[in-house]
Each structure stands twice: as C-alpha cells, then as structure tokens.
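Residue-level structural notes
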Protein chains: 2
Amino acid sequence: MNGAQSLLRALTEAGLDTCFTNPGTSEMHLVYELGRTADVRVVLCLQEATATGAADGYWRMAGKPAFTLLHVGSGCANGIGNLHNAGRAGSGIVNIVGANATYHQRNFPEHELINGKVADLARVVSHWAQEARSASDLAVLGATAARDAKSGSICTVVAPTDCHWEPAAAPPAPLAPLSLPRASNDAVAEVAALLKNGERSALLLGKEALHGEGLELAGRIAAATGSMLLGEMWPRRVARGEDRVPVTLVPYLAEMAVPMLQQYAQLVLVGTLPPVSTFAYQGAPVSKVPPGCHVTTFVTAGQDIVAALRALAAALDAPAQPSGRLARTAVTAPTGTLTSDAIGRSLCGLLPQNAILVNDGTTMGLTIVQRTQGARSHDLLEAGCGGSLGAGLPVALGAAVACPDRKTVLLQADGAGMYAIQGLWSLARETADVVVLVLRNDKYAVLEMELARVREGDANEKMLSTVRLDAPALDWVKLAEGHGVPASRATTAEEFHVQLEAALGRRGPYLIEAVCADDIGAFIDVVRKPR
Amino acid sequence: MNGAQSLLRALTEAGLDTCFTNPGTSEMHLVYELGRTADVRVVLCLQEATATGAADGYWRMAGKPAFTLLHVGSGCANGIGNLHNAGRAGSGIVNIVGANATYHQRNFPEHELINGKVADLARVVSHWAQEARSASDLAVLGATAARDAKSGSICTVVAPTDCHWEPAAAPPAPLAPLSLPRASNDAVAEVAALLKNGERSALLLGKEALHGEGLELAGRIAAATGSMLLGEMWPRRVARGEDRVPVTLVPYLAEMAVPMLQQYAQLVLVGTLPPVSTFAYQGAPVSKVPPGCHVTTFVTAGQDIVAALRALAAALDAPAQPSGRLARTAVTAPTGTLTSDAIGRSLCGLLPQNAILVNDGTTMGLTIVQRTQGARSHDLLEAGCGGSLGAGLPVALGAAVACPDRKTVLLQADGAGMYAIQGLWSLARETADVVVLVLRNDKYAVLEMELARVREGDANEKMLSTVRLDAPALDWVKLAEGHGVPASRATTAEEFHVQLEAALGRRGPYLIEAVCADDIGAFIDVVRKPR
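What you see is a predicted model, and the numbers here were worked out from it, not measured in a lab.

Re the overall build of chain A
From N to C terminus, chain A includes 22 helices and 18 strands. A globule of 531 residues ought to have a C-alpha radius of gyration of about 24 Å, and chain A, at 24 Å, matches this closely. Restricting the contact set of chain A to residue pairs at least 6 apart, pairs at least 24 apart contribute 81%.

And the structure:
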C-alpha cells in the first residue's frame, strides 16, 4: 500500500464519498486511486473557488464533509475565499493540498512560495493545517481531518508527492466522532428564567437552530415564552416557507437593524455572535444592538445547539407546537417591468416543494428573499456566510450534488457571479439540477450605494465606472452556453415567469438572465450619509 | 488631508500611475480619490487574479510597478496565485488591501478570517506585508512599498477603513530608490577566467540578462569566450526573433534537460537558480544538471545583473557584436489539419515587428514557441513564472496596458485559460490590443501525460475524465463574446491563418478558438515511466 492508497482508505472508511477537485501534477497518484474506486464521486472543477465553495454547499445539505483535492499553493489560494465563507458558516471540510516532494522543496522549484509554505496559506482559513512528513503520516492526518471536519472544522492536509508514492502503513481505524460541548444546566435554568421575566425578548438563532429539529424547538420555546425568533443575517441554512416556523433575519445595515432590535429589552444568542455591522462607517456605531438591549449568550456555534434547545424547551415545559407557522402567500404572476420584486413574486408562486434556494443576489437578492418567505417549504442558503462574493454557483453545485432529488434555485447577482463563473461548467458536467437566475443590473449596486456613503462628495463618472459592468455589458446567455449550460434572457416580468416555469419543469442546469430595471437611486437616498 | 488622499499622493509622487483593481466597501474612499485624479489609470477587473496578474505583466513591460487595490482577505486570496507568479518572476508590485476598521476587527465581523489576519495571507507571496496602524502610517507604508517595488519586490499594505477616512499628515517625500548589490571585482575576474579555461561552457541567463542591454552583453561575452547562451525555462521576458541574440531555453522535463546540459563542462548562472525539475518523480533525479557539469553562480536575481554583465564584458574585452543573431525563418502558410505546428508556422510568418508574445500554452505552447524563434523581433513572456496556470489573460492585459503601441499575442491553453477567464472582460473594457489564441484540445494534456508517469498502471476512464474538459466541451467563441470580446473559430490551418492575419490587422481584443488536432499520444509514449 502506498501513501495515496492509505490516505484514500482513511477518508472513505470515515464515510467521505465526494471529492471536489482541480488537481495538478503533484496529485496524480491520488487521481489515480480515485479512478480505481467507485466509492468516491469525483467532481472536476475548472477553478478551485468552485471546489471549496461546493464543499461548503455540500456540507450544509448533506450534513457531512466532502473533501477537496487542490494543487499546491496557487490552487489552495484560489480556494481560500470560499474556505473563508465555509469557516464562517461552520461547514466542515477536509482539504488535501498537493505539494512538492519533501526532499525537493529545499531546491526551491517554481511552485515554492517566496515567503512561506502552503500550510501557512491554508492555516488562516482552516482550524488546522499540517503537512505530512511521511506516507504513513498522510493517512493519520487524513483520518484526523475527517473526524474533525464532521464536527464542523476545516482541516487542511498538505500532501507532498513522495508521501503519495512511498510505501505506507494501513490507515488507523476510523476515529470516534468528537462530541460537542453541551450547555450547562445552570445556563439552561438561567435562560429559562430570563425568558419568563416579562421583558420583551428575542432569540437570535444561528447554525443548527435555523432548520430541522433546532428550529422546531426554537418555535416551541417562543410559544412558551412569547419571545420573537430572529435569525443571523447570513444564515448557512434556514428552513422557511409554508408550515415552517417564521424567523426574521437581522438586516445588513446597522441603521436598519438597530430600530428592529430596539423592540426588545433582551436578546438571547443561540449559536451566533452579537450582531455587528459588516463594515464600519465614519462616525457610526458598529453594534447592531441598541444601548438598552441586554444580550445573553445561551450557546455558541461550537456547542451542541440542538441539545441545548431541547434542554431549554424541557425546562420551560414548552408546548408541542411552535408559536406559529408560515402560511403560503397567494401571488399572481407579475406583469410589466422586470424587477427584483417581480422575480420574487414569480418565484414565490413557482418554487417547488422542498427546493433549495441559494442566495448570492446581493442588493436584488434582498427583495427576492423577502418575497419568497411564503413560498412552498424550502431551505434558504446564504451563499457567502463570510461575505466573500461569488459563492453562489459553487454552493449551489455542492447542494445539488448532496441532494440530487431536490430542485436548487440560485439567485445570482451579475457582479458577484463573475468571481467563480467557472462553476457553470461543473453544473453541466454533473447535470446538476440547478436553475440559475442571474440578476443583471450591469453594476456592483452595493458599491454604488457605498460610494454615496463616502462623506467627501458625490461620485463622478470615473468613480462610477469603477463599480459598473456596463462597458462592455456581459452577455450571460453566451457565458452560460459557452460553459455548456442552456440559457435564455428575460426582459419583462411575463418573459421571466414563463421561462422560470419551463426551467423548473425540466431537469439539469439552466440559466435565466433576468435583465432587471430596479432603481437603486431611492435606496441610495435613504442610506446616504449627511455631510 | 485624509489617509486615502495621503496614500494616493505617496503612490503618485513615486511615479505609480496604473491601478488594477477589484474594490469593495472598505476601499471606497480610495476609489473616490482615484476618481478625482487624472494621474492614475484605473483598470477594473472582475476577479482579483486578473488584477495581480496584470500588475505582473505591466511590470515586465513597463519596467516600473503598478499597484493593485483589492478587497479584504478573500480579494487578496483570489490574487495570490498570480502574486506567486509575479514573485517568481521578480516583478515588483504594490498591493493595497482593504480591511475592517482597526477598532472593528475585534468584533469579528463576517470578513475577519477564522485563524489569522489579511497580512498573514499576503505575506507568503510578498517580500513584506504590513497593516497600517493609523491614517498617517498608511502613506508611510505606501511610500516604502513604492520604493521597494521599484527594485522588484512585492509589497502589501493592508489598509483598515478608518485609516482611509481619518485625518493624516502629508506623505513623506518620495524615497530614493534602493540600489541593487553589485557583483564583486573578484567574482567578475573569477568568471572571466573560468570562461577562458577552454572547457565547454554555457551561460544560463535569467531576468534582465534575457532582453535589452543584458542580452546584448551576454551575446558579446559569448563571442569573446565561445560560450553558449541558455535561458531559464520560464522567462519573464526574453527578446527573440530576427536580429536578436539567440538563446536556448532549458526544457521542462529533467530527462530532456539533462542530455542538453551534458554538452557543457561548466554552467555559469546569471540571475537564475540552478535548474531543477518543476516536480519530483518517483525514482528520478530532480536536478537538471548532469553529474559532471560544474555550476558557478555569477550573479543572483537580486543583484544588478546588467552591471555585472557590463563588468564581465569589459574584463573579457568582448567584441562589440554578439556571437550571432537570429535570422528570419522563411515560412509558407500552413495547410490542412490544425495543429500547434501549423499555428506556430502561421505565427512565425505573421507576428508583427515588436510584438509581445505571451505564453500560457502549456503543452501546445511548447511547439508554438519553438516555431516562432525566427519570427520578426519580439518579446516572449512566459505567463506564469511560478507555475500557476491561467496567468495568460492577466499578463497579456498588463503588457498591453504598459505598451499600447505594440501588438500583444497570447498563446492560451484552454484548460489554463479557465482559471482567470474574467480577464477577457478587462481586455474589452480597456480596448487592449491583444489577440488571444485559444489552443483547444478539451483536456489538461499535461496531466494526461503525468497520469501516464504514475507507476501503478494505465489510466482508466474515470481517471481520464478527471483531466478532460470534453463533457461538456467549452465554446470559447461564446465565452469570448459573453465577455465582450469578438471571436471566431478555426478548425483548419487555412482558416486559422486567415483569421490570424485579420485579427493582427485590426486593433483591440480578438479571440481565435483554434480547435487543435495535436496527438499527445506519441509524446506520452516517450515520457512514460517503465514499471
């Protein structure tokens, strides 16, 4: 047995069966072994951002880690933006990154980094990153990585080529999973008392509290205490739509979040951090929590959130049913100008039961997400939980690979969609059942808004040209077809509705370029800072 | 004056006038200031790999640094692969990377990395990376970065948002450039004696020794000593074609390089490292230098290479003319099947005087580069000097921005071209005078070759599907048009020749998808390892 064989056995024995990869020369032994087994599905990606983002999407829907196979420092670097997103989502991933042979690194061949090692690069977005020192070490690291990734860690194993081909011992037996720390009985009793003290309260939910048993428990706790349920701004996965427990997500801008949270005297955090502004602005507070609101952390993201909610529901003797369930919103097919509002209404009516809705829609996505709250029941995944744009196509790919029997719909802002556009090809390669809705406005609308918030003065043409994609305009139908994905363009609400209905009725990837007429001017006037 | 204004003044007073950027919220103050000045050309890129690769190409042709403006950790990460290439090329670049406000980072908003800081990420591909601590500090770091980048360093300044908007002192006066260390008189005398000792000698040239005065001096030294002139495998810039001093590049595979170098008893390194294999292979040596060949380092890449060659030519009393100059190769327009050989012959005949030929052509590029040795005089840039694929479009963009009056031709392998395909849009935005020749074979041919070198057995279909891009095939005409670049497809040598002639006769970007019929099977048989 060589190192590549031993490593692969460690990963498959731990239950990992999906590999997202863009391999290179130093990974050929592993490509060879992956080709000899039917136990692992190998998804080729044409750029590493697709591979790591897909592993994030896969984890969120499969509930178990995939592994990536990346090529040396530059391949690892290309995947870092989406590993960052995955890290902030709490998605577990095993990365295998090739490297020069242990004895060759000192000769400084071309792929060696000028001021560090591959593990230094990977470490900033990994819970741990280690380079194997021998062929047998490789499988030990792989087994450890698989165990840790199962509890939501990102683990990077740097694999020098000679560790692949040298003789290796059999891998260690699969390691027992790590148990997550539980909330103490004191914490449960304290929060139970808090929620019964008569103050206006909200639970701010994150991670496992936003879907499945976690969300149901939160709904029952709300029923027992009269608390409101809020969700973290960019949820990795939230169950919503008809019959699901309603949750209101915290708004992006602090000046919108603060008035919302001002309704509550106390805020209990369940698997999330105190809400703060994504960016600081000159002369503005960064906290989204108003001064009078008391914040208590019940469980952190690293604890067993569902167990804590179970204990809290029991302590409160919570009723069997949640405080409320969402009703289906009745919508008629929109007509006329195509806007995010029209898209939201079409989607609210047409989104199939049990769909996966991935949002990388930035400004226009906000409206569409709001309008689909009362669609058939579905899961909503915010693509880039760490704020790195362009995770939409990769996350949708990973979700579709994890759940081949569910329809995935991706809200894809045009500017954001360009960062990892290569993901389209992998959708086609995998016949992934994904409908991509490109929300085209030919600009980074969020940056046009942010330019208006710079206090120095109004934006001129040169500034605006730095945040606009209109010279030339991108042709998303050609971009899609060039990658092997069929596509069409919609310029009215009627065209969009018909195309969406047709796309949802077929299987496999399809892209609709929605040429949107949204006017962000009014929004900019609202958020503009006084000078 | 605020920090952004002070930083920008530091950069422009140091002579930097070109910015390749993909900005985000935290960089809006700098976008604002860039919009207020006509002193800086702002090139918007839709993914950061384009920005950093363009800065590399710009440096090679302009001989001075550009600066990049990137958005936080994820934007920096996307640019790392091409910063690595730039670092191995020795191209000087100033990176300005936005970050959260100093006082907000501790709140761990979404963009904060889970296990490090932006500077930790940038450092591995930078000579130095530092985060500004105040608005005034920002300009000091900018001035220092500009100075160091002029001598070939990559310097990364992490710029927290509050350092942009807070009041700042005026920037320091532009710093005096750093002088490069010179070769000692002893080293010159020693190498002069060595080259006169009657042994068969070769100079292995890198960096500034491969073009301009450096290459002329090397040619004169060759005339004085009878030495051969070799060039490093992946030159950042080599002058070639009619009337240029002939240089033979070291082959990629050690088994081809060793027999070539076996002709020489001694090898003198001029601005390059001892040649080694890019990757190690099981049971094979990694050095390209045969056991009997004596290696002497005359000057390193960090020294003043041209001054050293000047001193050596003087010590040798070298003649005024080099040992030889390349003659124009007479070619007739190829006919029939379209292969890299046919493309090379077309290009040899048609490449305009003073063109810039960028090579990201991997396997097929090898043949085309060989065939164009006797074209009209031109500069050849190997796109990815650090081996990170996909630098072609970015480097071509940067070269074209640096030299608007020269035609740039890019040899772009199809697999490699997908890593940073977004560069096409920036070519269109800038009306860059670049002809992109996509060498389409629907596979990572180099990996198909490398799979054959794995000693375990022959590749099966699953293995091959991991290195092939044929399911579905990419349509490069649509990909180009989708990004705003006009394009056409050639499937015969005649079609290609006519399209190339037309493309070279117009201005602005144009892409030709060359559907190549090269058979790599014969090559694979040559390099396959015995089992």
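Quick notes on the interface of chain A and chain B
Many analyses report the size of an interface as the accessible area lost when the parts associate. Counting residues at the interface gives 85 residues for chain A, matched by 84 residues for chain B. Across the side of chain A that touches chain B, the residue classes break down as 39 nonpolar, 34 polar and twelve charged.

Considerations on the packing of helix α13 (residues 340-350) of chain A against helix α21 (residues 493-505) of chain A
All names here are of chain A. Where α13 meets α21, the axes come as close as 10 Å, and the angle between the chain directions of the two elements is 35°. Crossing of α13 against α21: the hand is right-handed. When α13 is examined against α21, the residues Ala342, Ile343, Ser346, Leu347 and Leu350 are found in contact with a partner set consisting of Ala493, Phe496, His497, Leu500, Glu501 and Leu504. Across the contact of α13 with α21, the residue classes tally to eight nonpolar, two polar and one charged.

So, the relation of the copies chain A and chain B
If you rotate chain A by 180° and push it 0.0 Å along the axis, it lands on chain B with an RMSD of 0.0 Å. Taken together, the rotation and translation relating the two chain copies correspond to the operation of a two-fold axis. Interface overlap between copies is the fraction of interface residues in one copy that are interface residues in the other; for chain A against chain B it reaches 99%, indicating a shared surface.

Quick look at the domain arrangement of chain A
Residues and elements named next belong to chain A. The assigned domain composition of chain A is domain 1 (3-165), domain 2 (185-315) and domain 3 (340-527). A separation of 35 Å is found between the C-alpha centroids of domain 1 and domain 2. Across the boundary between the two partners, domain 1 contributes four residues, which contact four residues of domain 2. Looking at the side of domain 1 that touches domain 2 residue by residue, the class counts come to one nonpolar, two polar and one charged.

Considering the packing of helix α1 (residues 3-13) of chain A against helix α7 (residues 135-150) of chain A
Residues and elements named next belong to chain A. Contact pair α1 / α7: the axes reach a minimum separation of 8 Å and the direction vectors enclose 15°. Classified by the angle their axes make, α1 and α7 are roughly parallel. As α1 packs across α7, the resulting crossing turns out to be right-handed. On α7, the residues that touch Gly3, Ser6, Leu7, Ala10 and Leu11 of α1 are Ala135, Ser136, Leu138, Ala139, Gly142, Ala143 and Ala146. For the contact of α1 with α7, the per-class residue count stands at eight nonpolar, four polar and no charged.

A few points about the sheet that holds strand β12 (residues 294-299) of chain A
Strand pairing in a sheet relies on backbone hydrogen bonds, with the paired strands running either antiparallel or parallel. Residues and elements named next belong to chain A. Taken together, five strands build an open sheet; the order of strands is β10-β8-β7-β11-β12 and the sheet is parallel. Each edge of the open sheet is held by one strand with a lone partner, namely β10 (248-249) and β12. Sheet analysis places strand β7 (residues 201-205) next to strand β11 (residues 266-270), joined by five bridges and oriented parallel. Across the sheet, residue leucine 204 finds its bridge partner in β11, namely leucine 269.

With respect to the nonpolar core
In terms of nonpolar packing, the biggest core is built from 379 residues, with Ala218 and Val270 of chain A together with Ala218 and Val270 of chain B touching the most fellow members. Ignoring anything within four residues of it in the chain, the contact list for alanine 218 of chain A reads Leu203, Leu205, Ala209, Leu229, Val245, Val270 and Leu309 of chain A.

What to know about the sheet that holds strand β11 (residues 266-270) of chain B
Spatially, β10-β8-β7-β11-β12 (chain B) is the arrangement adopted by the five strands of the open sheet, whose pairing is parallel. Each end of this open sheet is capped by a strand with a single partner; those strands are β10 (248-249) and β12 (294-299) of chain B.

Things to note about unusual backbone geometry
Here the residue pair alanine 471 of chain A and proline 472 of chain A is connected by a cis peptide bond, since its omega of 0° sits within 30 degrees of zero. Note on placement: proline 472 of chain A falls in the loop between α19 (461-465) and α20 (476-482). For threonine 431 of chain A, which is not glycine, the phi dihedral falls at a positive 45°. In this fold, threonine 431 of chain A is placed in the loop between α17 (423-429) and β16 (434-440). Positive phi, close to 40°, is recorded for threonine 362 of chain B, a residue that is not glycine. Along the chain, threonine 362 of chain B falls in helix α14 (residues 362-371). Threonine 362 of chain B sits in the buried class, given 25 other C-beta atoms within 10 Å.

So, the pairing of strand β17 (residues 487-490) of chain A
Residue and element names in this part refer to chain A. Sheet topology note: the β17/strand β18 (residues 510-515) ladder contains four bridges and is parallel. What sits directly across from serine 488, in β18, is isoleucine 512. Tracing the backbone out of β17, into α21 and back to the parallel element β18 gives a crossover that is right-handed.

Some remarks on the environment of alanine 355 of chain B
All names here are of chain B. Position of alanine 355 relative to the elements: it lies in strand β13 (residues 355-360). On the neighbour-count criterion, alanine 355 (25 C-beta atoms within 10 Å) is buried. Along the sequence, alanine 355 and alanine 308 sit 47 residues apart, while their C-alpha atoms lie 28 Å from each other.

A short note on helix α11 (residues 254-261) of chain B
Residues and elements named next belong to chain B. Every buried residue belonging to α11 is among Ala254, Ala257 and Leu261, and all of these are buried. Along α11, the residues classed as buried sweep out an arc of 65° about the axis, all on the same side. Contact partners of the buried residues in α11: β11.

Observations concerning the pairing of strand β1 (residues 18-22) of chain B
Residues and elements named next belong to chain B. Of all five residues in β1, five are buried, a share of seventy percent or more. Relative to strand β2 (residues 41-44), β1 runs parallel, the two sharing four bridges. Considered in β2, the bridge of cysteine 19 is made with valine 42. Handedness of the crossover joining β1 and β2 through helix α2 (residues 28-36) is recorded here as right-handed. Where β1 and strand β3 (residues 67-70) come together, four bridges link them in parallel fashion. In the sheet register, threonine 21 faces β3, and the bridge partner there is leucine 69.

Quick notes on the environment of phenylalanine 20 of chain B
Residue and element names in this part refer to chain B. Locating phenylalanine 20 in the fold gives a position in strand β1. Taking the C-alpha atoms as reference points, phenylalanine 20 and threonine 52, 32 residues apart in sequence, are found 7.3 Å from one another. The contact partners of phenylalanine 20, leaving out residues within four places of it in the chain, are Val43, Cys45, Ala51, Ala54, Ala55, Ala66 and Thr68.

As for the environment of proline 172 of chain A
Residues and elements named next belong to chain A. Its location among the elements puts proline 172 in the loop between α8 (161-165) and α9 (185-195). For proline 172, a count of 15 C-beta atoms within 10 Å corresponds to the partly exposed category. Residues proline 172 and tyrosine 264, spaced 92 residues apart in sequence, show a C-alpha to C-alpha distance of 52 Å. Beyond its immediate stretch of four places on either side in the chain, proline 172 contacts Val140 and Ala143.

Some remarks on α21 of chain A
Residues and elements named next belong to chain A. Under the 1.5 Å per step criterion, the end-to-end length of α21 is 18 Å for 13 residues, consistent within 8% with the ideal 18 Å. Along α21, the residues classified as buried are Ala493, Phe496, His497, Gln499, Leu500 and Ala503. Where the residues of α21 are buried, they touch α13, β16, β17 and β18.

Structural notes on the confidence of the model for chain A
Per-residue confidence for chain A averages 96 on the pLDDT scale, and 99% of its residues sit at or above 70. Predicted complex, confidence summary: ipTM 0.97, pTM 0.98.

Cut-offs used in this document
- Residues numbered from 1 in each chain as written.
- Chains lettered and ligands numbered in written order.
- Predicted model: local features only at pLDDT ≥ 70, side-chain atom pairs only at ≥ 80, totals over all residues.
- Helix = DSSP H or I, 4+ residues; strand = E, 2+ residues; numbered from the N terminus.
- Rg over C-alpha atoms; globule rule 2.2 N^0.38 Å.
- Contact = placed C-beta atoms within 7 Å.
- Nonpolar A, V, L, I, M, F, W, Y, C, P; charged D, E, K, R; others polar.
- Axes fitted to C-alpha atoms, helices over the stretch in contact; angles between N-to-C directions.
- Left-handed = near helix turned anticlockwise from the far one by under 90°.
- Least-squares fit on C-alpha atoms with pLDDT ≥ 70 in both.
- Domains from an automatic or database assignment.
- Parallel < 35°, antiparallel > 145°, perpendicular 65-115°, else oblique.
- Pairing = 2+ DSSP bridges.
- Core = buried A, V, L, I, M, F, W, Y, C linked by C-beta atoms within 7 Å.
- Buried ≥ 20, exposed ≤ 12 C-beta atoms within 10 Å, placed from the backbone.
- Right-handed = clockwise from strand over helix to strand, strands pointing away.
- Arc of directions from axis to C-beta.
- Expected span 1.5 Å × (residues − 1).
- pLDDT = per-residue confidence, 0-100.

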